[in-house]
Amino acid sequence: PAVEALQAQVQSLAQELAVQSDAAQRLQADRAALKLELEAETQRRRAAERGGASAHMASRGAGRYKVDLEAGGTNLGFASAHMGLTHRFAHRPNVAKLLQLVDEGARLIDRGSLQTAKFLSHNPYVRIGFACYVLLLHLWVLVVLMSMAPGARRARRLHQAASMATASTLTAP
């Protein structure tokens, strides 16, 4: 009986921890989204203070990123994946379900990218390492693509032949 009571207590604490963890993640996403909104408003205000055409351009783009705090703070104003298509596919429930899955995937990617951006913004050494990693990855892909190019093998054979000819002339007395 005591073990079962402890197991029930552990399960209830685990559930409470999961709920609190979700709430903390929502608050962090809300905070990141509010920072983006504040930056956009600050830029719009600065442009308005300068006046002229730049204020007009800033006011047109100021509302581009609207934050939906009720939906967990992950909707940055981007259109839902199935927006405008739901009425077309109302008679096809499988397609509507697929569109909902795509929308949920987009929200998941948004949440992950916000958390990644927050982490990178607070850790400059990780940011530098990440930038180097991306650069090296792109260079590696470039090397692989260049080695697979149609003329790469012929050029490699010509280079090997030239280097062998150079080596034989250097070793000859």
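Residues numbered from 1 in each chain as written. Predicted model: local features only at pLDDT ≥ 70, side-chain atom pairs only at ≥ 80, totals over all residues. Heavy atoms only, no water.

## Details of the pattern of salt bridges
Across all of its chains, the model carries three salt bridges by this definition. Across the salt bridge formed by R45 and E49, the nearest N and O atoms sit 2.7 Å from each other. Highlighted residues: R45 and E49, both in helix α1 (residues 2-50), separated by four residues, approximately one helical turn. By relative accessible area, R45 is classed as partly exposed at 41%. Look at E49 and you get exposed, because its relative accessible area is 58%. The closest approach of N and O atoms between R107 and D103, which form a salt bridge, is 3.3 Å. Separated by four residues within a single helix, R107 and D103 lie in helix α3 (residues 93-122), roughly one turn from each other. Given the relative accessible area of 6%, D103 is considered buried. (Salt bridge = Lys/Arg side-chain N within 4 Å of Asp/Glu carboxyl O. Helix = DSSP H or I, 4+ residues; strand = E, 2+ residues; numbered from the N terminus. Buried < 20%, exposed > 50% of the residue type's maximum accessible area, 1.4 Å probe, protein only.)

## Structural notes on the packing of α1 against α3
At a closest axis distance of 10 Å, the pairing of α1 and α3 adopts a crossing angle of 70°. As the angle between them shows, α1 and α3 are arranged roughly perpendicular. When α1 is examined against α3, the residues Q25, Q28, A29, R31, A32, K35 and L36 are found in contact with a partner set consisting of L114, Q115, K118 and H122. Broken down by class, the residue content of the contact of α1 with α3 amounts to four nonpolar, four polar and three charged. (Axes fitted to C-alpha atoms, helices over the stretch in contact; angles between N-to-C directions. Parallel < 35°, antiparallel > 145°, perpendicular 65-115°, else oblique. Contact = heavy atoms within 4.5 Å. Nonpolar A, V, L, I, M, F, W, Y, C, P; charged D, E, K, R; others polar.)

## Observations regarding a nonpolar patch on the surface
A surface patch of nonpolar side chains, about 640 Å² in accessible area, is lined by F130, Y133, L137, W140, V141 and L145. Tracing the backbone through its elements, the reader meets W140 in helix α4 (residues 124-147). W140 gets classed as exposed once you look at its relative accessible area, which sits at 55%. (Patch = residues over 30% accessible without salt bridge, like charges linked within 9 Å, V, L, I, M, F, W, Y side chains within 5 Å. Areas by Shrake-Rupley, 256 points an atom, 1.4 Å probe, with all protein chains shown as cover.)

## Things to note about α1
Since the α-helix packs 3.6 residues into each turn, any two residues three or four apart lie on the same face. With 49 residues, α1 ought to run about 72 Å at 1.5 Å a step, and its terminal C-alpha atoms sit 71 Å apart, in line with that. Restricting attention to buried positions, one finds in α1 the residues A29, D30, A32, A33 and A47. (Expected span 1.5 Å × (residues − 1).)

## Digging into α3
For α3, which comprises 30 residues, the first-to-last C-alpha distance of 44 Å matches the rise-based estimate of 44 Å (1.5 Å per residue) to within 8%. Those residues of α3 lying buried are L99, D103, D110, L114 and L120. Its buried side turned inward, α3 meets α1 and α4.

## Brief notes about the environment of A117
Relative to the helices and strands, A117 is located in helix α3. Under the relative-accessibility criterion, A117 is labelled partly exposed at 44%.

## Describing the packing of α3 against α4
Where α3 meets α4, the axes come as close as 5 Å, and the angle between the chain directions of the two elements is 115°. Here α3 lies roughly perpendicular to α4, going by the angle between them. On the side of α3, the interface is formed by F119, L120, S121 and H122, while α4 contributes P124, V126, R127 and F130. Per-class residue counts for the contact of α3 with α4 are five nonpolar, two polar and one charged.

## Details of the confidence of the model for the protein
In the predicted model, the protein carries a mean pLDDT of 77, and 72% of its residues have values of at least 70. The spread of mean pLDDT over the elements of the protein runs between helix α2 (residues 53-61), the lowest at 47, and α4, the highest at 93. (pLDDT = per-residue confidence, 0-100.)

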